[in-house]
Amino acid sequence: MTSSSSPSQDTKRFAHAYPEGLRADALMEEDVAWSHEIDGERDGDQFDRSERAALRRVAGLSTELEDVTEVEYRQLRLERVVLVGVWTSGTVQDAENSLAELAALAETAGALVLDGVIQRRDKPDAATYIGSGKADELRDIVLETGADTVICDGELSPGQLIHLEDVVKVKVIDRTALILDIFAQHAKSREGKAQVALAQMQYMLPRLRGWGQSLSRQMGGGKGGGLATRGPGETKIETDRRRIREKMAKMRREIAEMKTGRDVQRQVRRRNKVPSVAIAGYTNAGKSSLLNRLTGAGVLVENALFATLDPTVRRAETPSGRLYTLADTVGFVRHLPHHLVEAFRSTMEEVGDADLILHVVDGSHPDPEEQLLAVREVIRDVGATGVPEIVVINKADAADPLTLQRLLRVEKRSIAVSARTGQGIAELLGLIDNELPRPSVEIEALVPYTHGKLVARAHTEGEVISAEHTAEGTLLKARVHEELAADLAPYVPAQAL
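In short, a report on the structure. (Residues numbered from 1 in each chain as written. Predicted model: local features only at pLDDT ≥ 70, side-chain atom pairs only at ≥ 80, totals over all residues. Heavy atoms only, no water.)

1. Examining the sheet that holds strand E7 (residues 276-281)
Across the sheet, which stays open at both edges, the 6 strands sit in the order E8-E9-E7-E10-E11-E12 with mixed pairing between neighbours. The open sheet is flanked by strand E8 (312-317) and strand E12 (414-416), the only strands paired with a single partner. Taken pair by pair, the neighbouring strands of this sheet meet at an average axis angle of 25 degrees, ignoring direction. Taken together, the 5 bridges between E7 and strand E10 (residues 356-362) define a ladder with parallel strand orientation. Among the inter-strand pairings, Ile 279 is bridged to a residue of E10, identified as Leu 358. Its contacts with the sheet put helix H13 (residues 368-381) on E7, E10 and strand E11 (389-394), and the angle it makes with E10 is roughly 145 degrees. Sheet strands touched by helix H14 (residues 401-410): E11 and E12. Its angle to E12, the strand with the most contacts, is close to 160 degrees. (Pairing = 2+ DSSP bridges. Helix = DSSP H or I, 4+ residues; strand = E, 2+ residues; numbered from the N terminus. Axes fitted to C-alpha atoms, helices over the stretch in contact; angles between N-to-C directions. Contact = heavy atoms within 4.5 Å.)

Next comes the structure, spelled out in structure tokens:
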């Protein structure tokens, strides 16, 4: 990072070459993100990768027409962006990490990051976010780099967006709009698309703008108006807001209907006494890779932020033979837009209803503690603070050993693993086996062969200690739940009572 050309010392500017470990290194490059030779056995065929790559934006192309006398080339132009952040608290390293994460988000969305500026202020400017003087300096940077978009590392009010655009003369978006754009690109399931659409409409509603005809009013009273139409009439922008509210109401009803199906599946698992484990964590921490390593689910794996949005539930088995479900959830990020938290609440309920949370953190990240705090804040928002938690420090093969030691010392219930190499996975499975709730009743019963369903239930719902086949039936010794214990009670030998 280099100092700005401005004589003031409260503005810091990123050079084109980002500091080591901060830049979003080739987030969209296939060879860096995933290798079939190395990762194919763990992650499966990864059919979704080719589909996503087919829609990927290509760097270095322009929108100009070339040689229109022979053929017209309309080539897609990558958005060229300048980043701007306001540093209000913490150290300069914290501010740099936040802007580097914004760069990773921008690259994931398909933009080309040209430059970045950090402005030191006690609080964001109410008019232009960074102040009028710094806004003029930002305009000069935009002209110098040829950027067409400015991305702010925070959520801007409608007034701040308008005023900053008036100064820099290019499109301005904020962090929330950028995350929503990534979600819109990556949403695949019907429920995921509906949740993203609802979040986008919630964000857009207060930011509608009106120019010219948008502020013209419908006909009010008079001869042509008829009864109950007198008054100033409704402007077009007001009509647009009403239509958006109607679409939001419809979208909420559709999401509620889809939530019913998810609730039914969850109730079936509860009825069958199958414990559930939810994988939660920061985006790009390796949650999907861990799910694939533990279950062979074949979920899409990509070195990009918010690569997977749709929750995946897979069946798994502990080393002792106990069945449980493992659910991969949407990744979290610091300052996750509240629109998304609300829209994805039904999906995040997988975390709140779990018996155990595997909190995955990227051990190779420059600030893993900040990731832990950001995820726990969202976990608290969805009401899952009472669920037991195991901190899984992933990417141990690439992490600094001192960082691993610090995290393992601070987080009492933690383990270091590498989903890529398999390091620590066996120990993690054993830890899951120990932490999952166990059946409360230990019972020994001689089950007739005509009631083999009870033995099968003991295997699926409980924990079988031993099973011996005798002439009279199956001599079963197991730990089971109270309901199954009551069904097995008639077959308990008299001497065992």
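Once you've had a look at it, read on.
2. Things to note about the environment of Gly 363
Following the sequence through the fold, Gly 363 ends up in the loop between E10 and H13. Here the alpha-carbon distance between Gly 363 and Ile 393, two residues 30 residues apart in the chain, equals 5.4 Å. Setting aside anything within four residues of it in sequence, one finds Gly 363 in contact with Ile 393, Asn 394, Ala 399 and Thr 403.

3. Quick word on the sheet that holds strand E15 (residues 474-480)
On the basis of which strands lie adjacent, the open sheet formed by 3 strands has the order E13-E15-E14 and antiparallel pairing. What marks the edges here is a single partner per strand, and that holds for strand E13 (441-447) and strand E14 (463-469). Going across the sheet, the axis of each strand differs from the next one's by a mean of 10 degrees, ignoring polarity. Two strands pair when backbone bridges link them, and E14 and E15 are joined in this way by 6 bridges, in the antiparallel orientation. Pairing of Glu 468 across the sheet is with Leu 475, part of E15.

4. Some details on helix H5 (residues 132-145)
For H5, spanning 14 residues, the distance from its first C-alpha to its last is 20 Å, which sits close to the expected 20 Å at 1.5 Å a residue. For H5, the set of buried residues is Lys 134, Ala 135, Leu 138, Ile 141, Val 142 and Thr 145. Buried residues of H5, viewed axially, fall in a sector of 110 degrees; they line one side. Away from its buried face, by an angle of more than 90 degrees, H5 presents the exposed residues Ser 132, Leu 143 and Glu 144. Gly 146 sits one or two positions beyond H5 and adopts a positive phi of about 75 degrees. (Expected span 1.5 Å × (residues − 1). Buried < 20%, exposed > 50% of the residue type's maximum accessible area, 1.4 Å probe, protein only. Arc of directions from axis to C-beta.)

5. Section: the packing of aromatic side chains
Tallied over the full model, the rule gives 0 aromatic pairs. Against the face of Trp 87 rests Arg 120, its NZ or CZ located 4.6 Å from the ring centre. (Phe/Tyr/Trp six-rings, centres within 6.5 Å; stacked < 30°, edge-to-face > 60°. Lys NZ or Arg CZ within 6 Å of the ring centre and 35° of its normal.)

6. Notes on the pattern of salt bridges
On inspection of all chains with the given rule, the structure shows 15 salt bridges. As a salt-bridge pair, Lys 395 and Asp 362 come within 3.3 Å of each other at their nearest N and O atoms. Within this pair, whereas Lys 395 is found in the loop between E11 and H14, its partner Asp 362 is found in strand E10, the two being separated by 33 residues in sequence. Under the relative-accessibility criterion, Lys 395 is labelled partly exposed at 21%. Among the salt bridges present, the one from Glu 442 reaches Arg 479, with a minimum N-O distance of 3.8 Å. Of the two residues, Glu 442 is situated in strand E13 and Arg 479 in strand E15; the sequence distance between them amounts to 37 residues. With relative accessibility at 48%, the residue Glu 442 sits in the partly exposed group. Note on Arg 479: relative accessible area 28%, which makes it partly exposed. Several salt bridges converge on common partners, so that one network encompasses Glu 101, Asp 153 and Arg 175. (Salt bridge = Lys/Arg side-chain N within 4 Å of Asp/Glu carboxyl O.)

7. Observations regarding the pairing of E7
For E7, the tally of buried residues reaches 6 of 6 residues, placing the bulk of the element in the interior. Along E7, one buried face is formed by Ser 276, Ala 278 and Ala 280 and the opposite face, lined by Val 277, Ile 279 and Gly 281, is buried too. As paired strands, E7 and strand E9 (residues 323-328) are joined by 4 bridges and run parallel to one another. Its bridge partner lying in E9, Ile 279 is registered against Asp 328.

8. Here we look at the pairing of strand E3 (residues 80-87)
For a regular strand, side chains alternate in direction, first toward one face of the sheet and then toward the other. Most of E3 is tucked away, with 7 of its 8 residues classed as buried. Note that E3 and strand E4 (residues 112-120) share 8 bridges and pair parallel. Its bridge partner being in E4, Val 86 is matched across the sheet by Gln 119. Between the parallel pair E3 and E4, the chain is carried across by helix H4 (residues 92-109), and the sense of this crossover is right-handed. (Right-handed = clockwise from strand over helix to strand, strands pointing away.)

9. Thoughts on the environment of Ala 147
Positionally, Ala 147 belongs in the loop between H5 and strand E5 (149-152). Looking at Ala 147, the relative accessible area reads 9%, which means it is buried. Taking the C-alpha atoms as reference points, Ala 147 and Glu 79, 68 residues apart in sequence, are found 7.8 Å from one another. Residue contacts for Ala 147: discarding those within four places in its chain leaves Arg 80, Val 81, Val 82, Leu 114, Val 142 and Val 170.

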